[in-house]
There are 2 protein chains.
Amino acid sequence: MQQAYLRYYPQLKPGLGAVSSLIDERINVHYDSLEPALRQMADHGGKFLRPAFFLLFAGLTSPQFSEDQIKAAASIEILHMATLIHDDIIDDSPKRRGAASIQAAFGKDVAVYAGDYLFTVFFDLITETMTNSRFLTVNARIMKRILNGELGQMSDRYRLDQPLLNYLRNVNGKTAALFSLAAEEGAYFGGADHRVIIAAKRIGQNIGIAFQMLDDILDYTGHRLNKPILKDLATGVYSLPLLMVLADHRAELAPYLEKQAAMTTADIKAVQSLVVEFGGVTRAQELAAKFTAKAEQQLAALPASPARDALEKLVAQLLKRTK
Amino acid sequence: MQQAYLRYYPQLKPGLGAVSSLIDERINVHYDSLEPALRQMADHGGKFLRPAFFLLFAGLTSPQFSEDQIKAAASIEILHMATLIHDDIIDDSPKRRGAASIQAAFGKDVAVYAGDYLFTVFFDLITETMTNSRFLTVNARIMKRILNGELGQMSDRYRLDQPLLNYLRNVNGKTAALFSLAAEEGAYFGGADHRVIIAAKRIGQNIGIAFQMLDDILDYTGHRLNKPILKDLATGVYSLPLLMVLADHRAELAPYLEKQAAMTTADIKAVQSLVVEFGGVTRAQELAAKFTAKAEQQLAALPASPARDALEKLVAQLLKRTK
């Protein structure tokens, strides 16, 4: 796990450790084909951002983490892992979390079942913890929203006339839905009152949108380890900086984009430069900053607590990063 | 739908019609890529055997079908469809229900999301109907059992020394689990007493096992429309008739089987003949007949009703068919 953010809130460490142990325990399957695939995914456990948000929102009102909180936080990470595995099949992604993706390392067959298996683990965890709350229904709806975000993105591939609204809708589904769920469930399982739960849900959504926008912006500006720069372009996924200028500069950009999967590295770099030159990155940063500011403002309105301070620091670090 | 069995119990027709309409309604997605794929799957709606068993078991005690019963029956068919779609990716199946499989017609990418989408529909339906019962947990367990059956089968591919027990375990998961669920949930949602619900679960399991065995037997004996004869052999899936004789006749069979994916049609026909000659089909039929007899005996012990008569006729038709 790469959890540099733990320095803001070291109290989170045992909670995230418990989430990680629970995930390890639940992915303990007995089939040669699947076990190493799931194990690899768990070992390169990413940043655990969603469980961290869950636990921080729970920490607003809850002095320590209960077993149900750990399970619910794990359910979100498990659902996230399942969707990543299936998305990598669709995108033919060679890499994930700095290692070979499951589909690249173990084949698409194993990847299909590995994702399905994680759906069943997710399902187990939420039936164990949420049967008596409205969150079963919320989770069902979120699962559908995530998938709709992915489907929307797939459906808009290579479309030069796609409205910015579609991008926002897709981001809202594929990324913000899960951040929003983590925040809302965290507040709920921490025992927060109704007003805070509603606020948490909105804060999570704004964080998620800003987080995805920043991720897309960094494709155009950053030098990132282990991430092919702008590979998305050749697969037809056009993100915020490009969409910010595509309508006004279609004549200049279309000749490259219309090559679709045949775009060369030189083509991709040309698009990257043009997008920067036309102001796409700056405009995308301005839009992302609005969602970040909104999240910060909403956070500031929550009752003061060490967990809130930690949330503010985490949001600042996460949404103002440059790589 | 090919529901010749409706002649035994015409009262089932409106119920199955309602299940079919509900499925149509729920798979109404707005993405160009997915809609036709799901629509095709629904239009070639198969035999609706699982909803039929659900409704017949419900009919033991329930004079008419409630909305919850229809939803629960549909949830089982939806889960079945989801697993079929993902299995066809793994098996590279060109056909399903007499038409091109989703993965063949629309690509593996669409098939991954189509299956996932159906999981979310399944999840919706059970949270709408089962939140206050133990069946959420039961469904979570069944989903895992189905997947474990598929994984077990994948894991045993091409293994010449696989124990018969593995076959039984895999069949129990990949087929019997869902028949058992349909029967148990049907009895429960029909309002049957505890004793009948327990009996239904066991009856469903025996029917499921016998059903899968018969299916595997017909690969060796039947002339089936739209189904490539014994295609499973070349993909390394060895079923009951072969496993019945493989240990005793390994010397004769191994030379063909060891060619694995390179088996020709002639090789497959040779294995088919040898399995019949060595008595594999007869022995498989004897074993299947035991599960059928058990199911019939358990059915006969249920309180008499028109639904029970219909179940007996359906089981007889289904488990004694020759194609």
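Reading guide: rules and limits
- Residues numbered from 1 in each chain as written.
- Chains lettered and ligands numbered in written order.
- Predicted model: local features only at pLDDT ≥ 70, side-chain atom pairs only at ≥ 80, totals over all residues.
- Heavy atoms only, no water.
- Helix = DSSP H or I, 4+ residues; strand = E, 2+ residues; numbered from the N terminus.
- Rg over C-alpha atoms; globule rule 2.2 N^0.38 Å.
- Buried < 20%, exposed > 50% of the residue type's maximum accessible area, 1.4 Å probe, protein only.
- Contact = heavy atoms within 4.5 Å.
- Areas by Shrake-Rupley, 256 points an atom, 1.4 Å probe, with all protein chains shown as cover.
- Axes fitted to C-alpha atoms, helices over the stretch in contact; angles between N-to-C directions.
- Parallel < 35°, antiparallel > 145°, perpendicular 65-115°, else oblique.
- Left-handed = near helix turned anticlockwise from the far one by under 90°.
- Nonpolar A, V, L, I, M, F, W, Y, C, P; charged D, E, K, R; others polar.
- Buried area = accessible area lost by both parts, 1.4 Å probe.
- Salt bridge = Lys/Arg side-chain N within 4 Å of Asp/Glu carboxyl O.
- Polar contact = N/O pair within 3.5 Å; in protein donor to acceptor, adjacent residues only side chain to side chain.
- Least-squares fit on C-alpha atoms with pLDDT ≥ 70 in both.
- Expected span 1.5 Å × (residues − 1).
- Patch = residues over 30% accessible without salt bridge, like charges linked within 9 Å, V, L, I, M, F, W, Y side chains within 5 Å.
- Lys, Arg positive; Asp, Glu negative; His and termini not counted.
- Charge placed at Lys NZ, Arg CZ, Asp CG, Glu CD.
- Phe/Tyr/Trp six-rings, centres within 6.5 Å; stacked < 30°, edge-to-face > 60°.
- pLDDT = per-residue confidence, 0-100.

A short note on the overall build of chain A
Check the secondary structure of chain A and you find 15 helices and two strands. In terms of overall dimensions, chain A is globule-like: its C-alpha atoms have a radius of gyration of 20 Å, near the 20 Å expected for 323 residues. Overall, the C-alpha framework of chain A stretches about 55 × 50 × 35 Å when taken along its three principal axes. Taken over 323 residues, chain A has a buried fraction of 61%. Looking at chain A alone, contacts between residues at least 24 apart form 74% of all its contacts between residues at least 6 apart. Of the roughly 12,600 Å² of accessible surface on chain A, a fraction of 52% belongs to carbon and sulfur atoms.

Focus on the packing of helix α12 (residues 250-257) of chain A against helix α13 (residues 265-277) of chain A
Residue and element names in this part refer to chain A. Viewed as axis vectors pointing N to C, α12 and α13 meet at an angle of 160 degrees, and their least axial separation amounts to 9 Å. Relative to α13, the element α12 lies roughly antiparallel. α13 is crossed by α12, and the crossing has left-handed handedness. Here Glu252, Leu253, Tyr256 and Leu257 of α12 come into contact with α13, specifically with Asp267, Ala270, Val271, Leu274 and Val275. In terms of residue class, the contact of α12 with α13 is built from seven nonpolar, no polar and two charged.

Overview of the interface of chain B and chain A
Chain B puts 35 residues into the contact, and the matching count from chain A is 35 residues. Across the chain B/chain A interface, buried area totals approximately 3,700 Å², and carbon plus sulfur atoms make up 70% of it. For the pair chain B and chain A, the number of links is two salt bridges. One salt bridge in this structure joins B:Asp124 and A:Lys144, with 2.2 Å as the shortest N-O distance. For the pair chain B and chain A, the number of links is eight residue pairs in polar contact (both at pLDDT 80 or more).

A closer look at the relation of the copies chain B and chain A
Take chain B, turn it by 180 degrees, move it 0.0 Å along the axis, and it overlays chain A with an RMSD of 0.0 Å. On this basis, the relationship between the two copies can be described by a two-fold rotation axis. In terms of proximity to the rotation axis, the leading residue of chain B is B:Thr131, whose C-alpha is 3.0 Å off the axis. Looking at the interface residues of chain B, 100% of them are also at the interface in chain A, so both copies use one shared face.

Details of the pattern of salt bridges
One pass over the full model with this rule turns up 24 salt bridges over all chains. Residues joined by salt bridges that share partners form a network here, namely A:Arg26, A:Glu67, A:Lys71 and A:Glu128.

Some words on unusual backbone geometry
All names here are of chain A. With a phi angle near 50 degrees, phenylalanine 48 is a residue other than glycine that sits in the positive phi range. A positive phi is found at tyrosine 158, a non-glycine position, where the angle reads about 65 degrees. When its relative accessible area of 24% is taken as the criterion, tyrosine 158 is described as partly exposed.

Digging into helix α15 (residues 306-319) of chain A
Helix length check: α15(A) (14 residues) gives 20 Å between terminal C-alpha atoms against 20 Å at 1.5 Å per residue, within 8%. The inward-facing, buried residues of α15(A) contact α3 (49-59), α9 (194-221) and α14 (280-300) of chain A.

Side note on the environment of B:Thr120
With respect to the secondary-structure elements, B:Thr120 resides in helix α6 (residues 108-130). Taking relative accessible area as the criterion, B:Thr120 reaches 1% and is therefore assigned buried. Taking the C-alpha atoms as reference points, B:Thr120 and B:Leu136, 16 residues apart in sequence, are found 14 Å from one another. Those residues in contact with B:Thr120, other than ones at most four positions away along the chain, are A:Met143, A:Lys144 and A:Leu147.

Comments concerning a positive patch on the surface
Residues and elements named next belong to chain B. A contiguous patch of positive charge, built from Arg141, Arg145, Lys201, Arg202 and Lys294, is present on the exposed surface. Taken together, the elements giving at least two residues each to the positive patch come down to α7 (135-155) and α9 (194-221). As for its placement among the helices and strands, arginine 202 is situated in helix α9.

Side note on the packing of α9(B) against helix α15 (residues 306-319) of chain B
Residue and element names in this part refer to chain B. Axis separation between α9 and α15 bottoms out at 10 Å; the angle between their running directions is 25 degrees. When the axis of α9 is compared with that of α15, the two are roughly parallel. Along its contact with α9, which presents Ile207, Ala210, Phe211 and Leu214, the element α15 presents Val315, Leu318 and Leu319. The residue inventory of the contact of α9 with α15, partitioned by class, reads seven nonpolar, no polar and no charged.

Description of the packing of aromatic side chains
Counted by the stated rule, this structure contains 16 aromatic pairs over all chains. With 6.2 Å between their ring centres and 50 degrees between their planes, A:Phe119 and B:Phe119 make a pair best called tilted. Here A:Phe119, found in helix α6 (residues 108-130), pairs with B:Phe119, found in helix α6, and the two come from separate chains. Summarising the aromatic geometry, the rings of B:Phe135 and B:Tyr188 are spaced 4.7 Å apart at their centres and angled 50 degrees between planes, so their arrangement reads as tilted. With B:Phe135 in helix α7 and B:Tyr188 in helix α8 (residues 164-190), the pair connects residues that are 53 residues apart, well separated along the chain.

Comments concerning the environment of B:Ser20
All names here are of chain B. Note that serine 20 resides in helix α1 (residues 12-26). Taking the relative accessible area as the measure of exposure, serine 20 reaches 19% and is therefore buried. Spatially, the C-alpha atom of serine 20 lies 9.5 Å from that of proline 51, the residues being 31 residues apart in sequence.

Overview of helix α2 (residues 35-43) of chain B
Those residues of α2(B) lying buried are B:Glu35, B:Ala37, B:Leu38, B:Gln40, B:Met41 and B:Ala42. Elements in contact with the buried residues of α2(B): α1, α4 (67-91), β1 (95-96), β2 (99-100), α5 (102-106) and α6 of chain B.

Some points on the side chain of A:Glu185
All names here are of chain A. As for its position among the elements, glutamate 185 is in helix α8 (residues 164-190). For the buried residue glutamate 185, which engages in no salt bridge, the nearest side chain bearing the opposite charge is arginine 134, 8.7 Å off. Beyond its immediate stretch of four places on either side in the chain, glutamate 185 contacts Phe54, Ala72, Ser75, Ile76, Met130, Phe135 and Asn139.

A closer look at the confidence of the model for chain A
All names here are of chain A. Scored by pLDDT, chain A comes out at a mean of 90, with 97% of its residues at no less than 70. Across chain A, element-level confidence peaks in α14 with a mean pLDDT of 97 and bottoms out in strand β1 (residues 95-96) with 74. Per the prediction output, this complex has pTM 0.91; the corresponding ipTM is 0.88.

Some points on the side chain of A:Ser75
All names here are of chain A. You can see serine 75 is positioned in helix α4 (residues 67-91). Residue class for serine 75 comes out buried when judged on its relative accessible area of 0%. Those residues in contact with serine 75, other than ones at most four positions away along the chain, are Phe122, Leu125, Ile126, Met130 and Glu185.

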